[in-house]
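Residues per chain are reported as follows:
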4 protein chains.
Amino acid sequence: MTGLLERFMAQFNIVVVVGSLRKDSFNAKLAKALEKLFPAEFSFTHARIDDLPLYNQDDDAQQSAQVKRLKGEIMAAQGVLFVTPEYNRSVPGVLQNAIDNASRPYGKSAWDGKPAGVIGVSVGPIGTAMAQQHLRNTLAYLNMPTLGQPEAFIQNKEGLYDAAGHIGETSLKFLQGWVDQYVAWVKKHA
Amino acid sequence: MTGLLERFMAQFNIVVVVGSLRKDSFNAKLAKALEKLFPAEFSFTHARIDDLPLYNQDDDAQQSAQVKRLKGEIMAAQGVLFVTPEYNRSVPGVLQNAIDNASRPYGKSAWDGKPAGVIGVSVGPIGTAMAQQHLRNTLAYLNMPTLGQPEAFIQNKEGLYDAAGHIGETSLKFLQGWVDQYVAWVKKHA
Amino acid sequence: MTGLLERFMAQFNIVVVVGSLRKDSFNAKLAKALEKLFPAEFSFTHARIDDLPLYNQDDDAQQSAQVKRLKGEIMAAQGVLFVTPEYNRSVPGVLQNAIDNASRPYGKSAWDGKPAGVIGVSVGPIGTAMAQQHLRNTLAYLNMPTLGQPEAFIQNKEGLYDAAGHIGETSLKFLQGWVDQYVAWVKKHA
Amino acid sequence: MTGLLERFMAQFNIVVVVGSLRKDSFNAKLAKALEKLFPAEFSFTHARIDDLPLYNQDDDAQQSAQVKRLKGEIMAAQGVLFVTPEYNRSVPGVLQNAIDNASRPYGKSAWDGKPAGVIGVSVGPIGTAMAQQHLRNTLAYLNMPTLGQPEAFIQNKEGLYDAAGHIGETSLKFLQGWVDQYVAWVKKHA
């Protein structure tokens, strides 16, 4: 959680959406490590998605407090960062459900126009590439300008982090470059 | 709901998974109407997915009763029929979440090898085509042989049903043909 | 073809890539009609892709005059407009081949950074939606910021054009809105 | 090239389509090595796709000799094996163009019903996964039952081949397993 002073000074707040609910999620860990690579003017809000209802259009007229909370966070933000595993060669249902909830009712999507970044880490070498391919289709529909390059398909291997949990030396140059491009992208589209 | 006698005689039980939780779901309605076009030897189990937990890998060791119920239904079936809307140009999170839950833990997927059919109805003319494109990728990964042709992208327009809620004359030939192909597909792969 | 004076005054030149080689291509016709909806400061270069070689990496060291021509046009442009049919639920090979040729050798892609728009017309109601879904994945990789909304899946039906071949009244509001958004997108990213 | 006697005895002829035209194509090499893992009753026809015209619907009424040759080979075969690189996160244009040519005119597709396998090798770790994701969508449309599991995303690294160009020990178990599943799939659907 960003401290009060930092938040006060921050000009760009990013909603971070992690696509896994696992307590020791590789993607939650990656998200935290990535945040340290951002400039001081960026702060982060960690979207909670584990308490959202399964989306049901019948609830559109009276969305739950949890959905309203998520939508409020997104609408107040200058960008969204998706850090997600790949389940069954696609976007995890839990993430897609968060996307669905915050995209409704029709015409009241919270995502509209928010610049997005997509990144993910997996145990295997595919590094969530196929999930990202689907997610990008959805983000295009949601009218979220999404950083194209560099792509980031991260494999969770030795050296990704140092002892303190920061991005390790091997991956630092690439991931700092990714963050720098995302920062520029947010500034351009915020 | 199929009667007891029919179920007893049925040689092929199909798990029907509807991707929308809406009470008056167009896709639930389509599913019900489609079932009437199947031969007598087919029976149907309507998978309940609205009470599933959001998938969390931490629960893999002790899956909930709801997840076990879904997995049991799938494993006992000879085929799966997905009838789903398209949300945000992809598979609804609620459906993807059901898929995720029943696909885990690794190596214990309930979907493995079950022949599948994919169909969907929408208000607009795209008829869930883009959701189906993503869903097919997931079903290939789940090792579910999936009917290729005919594709079925249904628009919910005048004449789709008759007054009794059965498939109307305009669409009957096409949808009966679709069911016939799916029936042959299930028989080949069951 | 834009006249000399118009070209001289134009500040934004758009390379138009039509994904069909058919002489009376619906997409070529749509491209021409769309161009009339752009403001005067926009001019158009019609990329020729029917004389490109089938891409072969062995030719990377000495690309043909045709490939160099295409790459030169793209690099000199402020944006790219893809107007394409859907073949076999994906991007036509002829268009993908043009994309491949102009994307190589590695590190020398002509597409890099060029803002893109994607639109297409088909006889059926899907309106090239599934081709666009794949094309958007490729454009993300090519680092081409691509207009998200409005999407444009055009069906070639009565009233799309008036007698003079201009966009007809029924479709004018939607397509003028699409062009306006694309124009703003190009100006933002050029 | 399979010898005359082998061809005579073979009950299953597979058309092998390599998605790269490069003389020393990694995928052509993989295709050749894979063929050695098939049982004796399988023979192979190597589809030539470098001399096909760029698909143009105007030619549908009189397809070229090259297109007729390809279509004839496919129609005479019991299965199709796609061995392809990934270009720009999708199917190479040269392969998509071959697919387009042999799929037309409407209703006269050569691909219809032929069981398919999809495999590919790349320098990077993604191993053509994203190209395969798109290709599977096209094959579903072409009504080609396509092997789901095992997936095969091959990275071209040390040990993939032995000195004689055969599949090396490290990869042999996996790739022999892949071939065995594909063989069973072809037998089921041929």
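Attention here is on the structure that accompanies the text. (Residues numbered from 1 in each chain as written. Chains lettered and ligands numbered in written order. Predicted model: local features only at pLDDT ≥ 70, side-chain atom pairs only at ≥ 80, totals over all residues. Heavy atoms only, no water.)

Here we take up the overall build of chain A. Looking only at helices and strands, chain A has six helices and five strands in total. Each helix (α) and strand (β) of chain A, taken in turn from the N terminus, gives the series α-β-α-β-α-β-α-β-α-β-α. A compact globule built from 190 residues would reach a C-alpha radius of gyration of about 16 Å, and chain A, at 16 Å, matches this within 12%. When the 190 residues of chain A are sorted by exposure, 61% land in the buried category. When contacts within chain A are restricted to residue pairs at least 6 apart in sequence, long-range pairs at least 24 apart make up 79% of them. Taken as a whole, chain A presents about 7,600 Å² of accessible surface, with 54% of it coming from carbon and sulfur. (Helix = DSSP H or I, 4+ residues; strand = E, 2+ residues; numbered from the N terminus. Rg over C-alpha atoms; globule rule 2.2 N^0.38 Å. Buried < 20%, exposed > 50% of the residue type's maximum accessible area, 1.4 Å probe, protein only. Contact = heavy atoms within 4.5 Å. Areas by Shrake-Rupley, 256 points an atom, 1.4 Å probe, with all protein chains shown as cover.)

Let us look at the interface of chain B and chain A. Taken together, the contacts link 30 residues of chain B with 30 residues of chain A. Summed over both sides, the interface of chain B with chain A buries roughly 2,600 Å², with 53% coming from carbon and sulfur. Looking only at chain B, the three residues that lose the most surface to chain A are Leu54(B), Tyr87(B) and Asn88(B), adding up to 27% of its buried area. The interface formed by chain B and chain A includes zero salt bridges. Across the contact surface, chain B and chain A share 14 residue pairs in polar contact (both at pLDDT 80 or more). (Buried area = accessible area lost by both parts, 1.4 Å probe. Salt bridge = Lys/Arg side-chain N within 4 Å of Asp/Glu carboxyl O. Polar contact = N/O pair within 3.5 Å; in protein donor to acceptor, adjacent residues only side chain to side chain.)

As a general point, the strands of a sheet are linked pairwise by backbone hydrogen bonds and lie either parallel or antiparallel. Residues and elements named next belong to chain C. Strand order in the open sheet formed by five strands is S2-S1-S3-S4-S5, with parallel pairing between adjacent strands. Since the sheet does not close on itself, it has two edges, and those belong to strand S2 (42–46) and strand S5 (153–155), each with one partner. The sheet shows a mean angle of 25 degrees between the axes of neighbouring strands, direction not considered. The pairing of strand S4 (residues 116–122) with S5 spans three bridges and is classified as parallel. Looking across to S5, one finds that Ser122 is bridged to Gln155. (Pairing = 2+ DSSP bridges. Axes fitted to C-alpha atoms, helices over the stretch in contact; angles between N-to-C directions.)

Let us look at the relation of the copies chain A and chain C. Rotating chain A by 180 degrees and moving it 0.0 Å along the rotation axis overlays it on chain C with an RMSD of 0.0 Å. In symmetry terms, the pair is related by a two-fold rotation axis. When you check the interface residues of chain A against chain C, 100% turn up at the interface there too, and the contact is symmetric in its surfaces. (Least-squares fit on C-alpha atoms with pLDDT ≥ 70 in both.)

Turning to the pairing of S4(C), a few remarks are in order. All names here are of chain C. Within S4, seven of the seven residues are buried, which leaves it mostly tucked inside the rest of the structure. The side-chain alternation of S4 yields two buried faces, one formed by Ala116, Val118, Gly120 and Ser122 and the other by Gly117, Ile119 and Val121. Here strand S3 (residues 79–83) pairs with S4 via four bridges, running parallel. Considered in S4, the bridge of Val80 is made with Ala116. A crossover links S4 with its parallel partner S5, the connecting element being helix H5 (residues 129–141), and its sense is right-handed. (Right-handed = clockwise from strand over helix to strand, strands pointing away.)

Before going further, it helps to examine the pattern of salt bridges. Residues and elements named next belong to chain A. Counted by the stated rule, this structure contains 24 salt bridges over all chains. Arg48 serves as the salt-bridge partner of Asp51, at 3.7 Å between the closest nitrogen and oxygen. Taken together, the shared-partner salt bridges in this structure form one network comprising Arg48, Asp50, Asp51 and Arg69.

Attention shifts here to the interface of chain A and chain C. Taken together, the 13 residues of chain A in the interface contact 13 residues of chain C. Between chain A and chain C, roughly 1,200 Å² of surface is buried when both sides are summed, and carbon and sulfur atoms account for 52% of that area. When the buried surface of chain A facing chain C is broken down by residue, Asn137(A), Gln149(A) and Lys188(A) rank first, second and third, together holding 37% of it. Linking chain A to chain C there are zero salt bridges. The interface formed by chain A and chain C holds eight residue pairs in polar contact (both at pLDDT 80 or more) in total. Among the secondary structure elements, those contributing two or more residues to the side of chain A that touches chain C are helix H5 (129–141) and helix H6 (169–189) of chain A. Examining the composition of the side of chain A that touches chain C, we find that five residues originate from one element, H5(A), more than from any other.

A word on H6(A). Over its 21 residues, H6(A) runs 30 Å from end to end, which matches the ideal 30 Å to within 8%, given 1.5 Å per residue. Within the span of H6(A), buried status applies to Ser171(A), Leu175(A), Trp178(A), Val179(A), Tyr182(A), Val183(A), Trp185(A), Val186(A) and His189(A). (Expected span 1.5 Å × (residues − 1).)

Turning our eyes to something else, we now look at the relation of the copies chain B and chain A. Put simply, the two copies of the chain differ by a rotation about an axis and a shift along that axis. Rotating chain B by 180 degrees about the axis while translating it 0.0 Å along that axis superimposes it on chain A, leaving an RMSD of 0.0 Å. The residues that chain B uses at the interface reappear at the interface of chain A in 100% of cases, marking a shared surface.

All names here are of chain D. Viewed as axis vectors pointing N to C, helix H3 (residues 65–76) and helix H4 (residues 93–102) meet at an angle of 80 degrees, and their least axial separation amounts to 9 Å. Judged by the angle between their axes, H3 and H4 are roughly perpendicular. Contact residues: Val67, Leu70, Lys71 and Ile74 in H3; Ala98, Asn101 and Ala102 in H4. Taken together, the residues of the contact of H3 with H4 sort by class into five nonpolar, one polar and one charged. (Parallel < 35°, antiparallel > 145°, perpendicular 65-115°, else oblique. Nonpolar A, V, L, I, M, F, W, Y, C, P; charged D, E, K, R; others polar.)

Across the chain, the bulk of peptide bonds are trans and the bulk of non-glycine residues have phi less than zero. Here Arg104(D) and Pro105(D) are connected by a cis peptide whose omega angle stands at -5 degrees. By the secondary structure assignment, Pro105(D) is in the loop between H4 and strand S4 (116–122). Following Gln149(D), the chain continues to Pro150(D) via a peptide bond in cis, the omega torsion being 0 degrees. Position of Pro150(D) among the secondary structure elements: in the loop between helix H5 (129–141) and strand S5 (153–155). The phi angle at Asn143(A) is positive, at roughly 65 degrees, despite the residue not being glycine. With respect to the element layout, Asn143(A) can be found in the loop between H5 and strand S5 (153–155). Judged by relative accessible area, Asn143(A) falls into the partly exposed class, the value being 22%. Here the phi dihedral of Arg89(C) falls at roughly 65 degrees; this positive angle occurs in a residue that is not glycine.

Residues and elements named next belong to chain A. Taken as a whole and assessed by the stated rule, the structure comprises 28 aromatic pairs over all chains. Judged by centre distance (6.0 Å) and plane angle (80 degrees), the ring pair of Phe38 and Tyr182 falls under edge-to-face. Taken together, the residues Phe38 in the loop between helix H2 (26–35) and strand S2 (42–46) and Tyr182 in helix H6 connect sequence positions 144 residues apart. Residue Phe38 is classed as buried on the basis of its relative accessible area, which comes to 8%. In this structure an aromatic cluster arises from ring pairing among Phe12, Phe38, Phe42, Phe44, Trp178 and Tyr182. (Phe/Tyr/Trp six-rings, centres within 6.5 Å; stacked < 30°, edge-to-face > 60°.)

Attention now moves to the side chain of His189(D). Mapped onto the elements of the fold, His189(D) is located in helix H6 (residues 169–189). Take His189(D): its relative accessible area is 9%, and that puts it in the buried class. One polar contact links His189(D) to His189(B), side chain to side chain, over a distance of 2.7 Å. Ignoring any residue separated from it by four or fewer positions in sequence, one finds His189(D) in contact with Trp185(B), Lys188(B), His189(B), Gly113(D), Pro115(D) and Pro145(D).

It is worth spelling out the packing of H6(A) against helix H6 (residues 169–189) of chain C at this point. At a minimum axis separation of 11 Å, H6(A) and H6(C) run at an interaxial angle of 130 degrees. By the angle between their directions, the pair H6(A) and H6(C) is classed as oblique. In this structure, H6(A) meets H6(C) at a crossing whose hand is right-handed. Along its contact with H6(A), which presents Trp185(A), Lys188(A) and His189(A), the element H6(C) presents Trp185(C), Lys188(C) and His189(C). (Left-handed = near helix turned anticlockwise from the far one by under 90°.)

Moving on, we come to helix H2 (residues 26–35) of chain B. Residues of H2(B) that are buried: Asn27(B), Leu30(B), Ala31(B), Ala33(B), Leu34(B) and Glu35(B). Packing partners of the buried residues in H2(B) comprise strand S1 (12–18), strand S2 (42–46), strand S3 (79–83), strand S4 (116–122), strand S5 (153–155) and helix H6 (169–189) of chain B.

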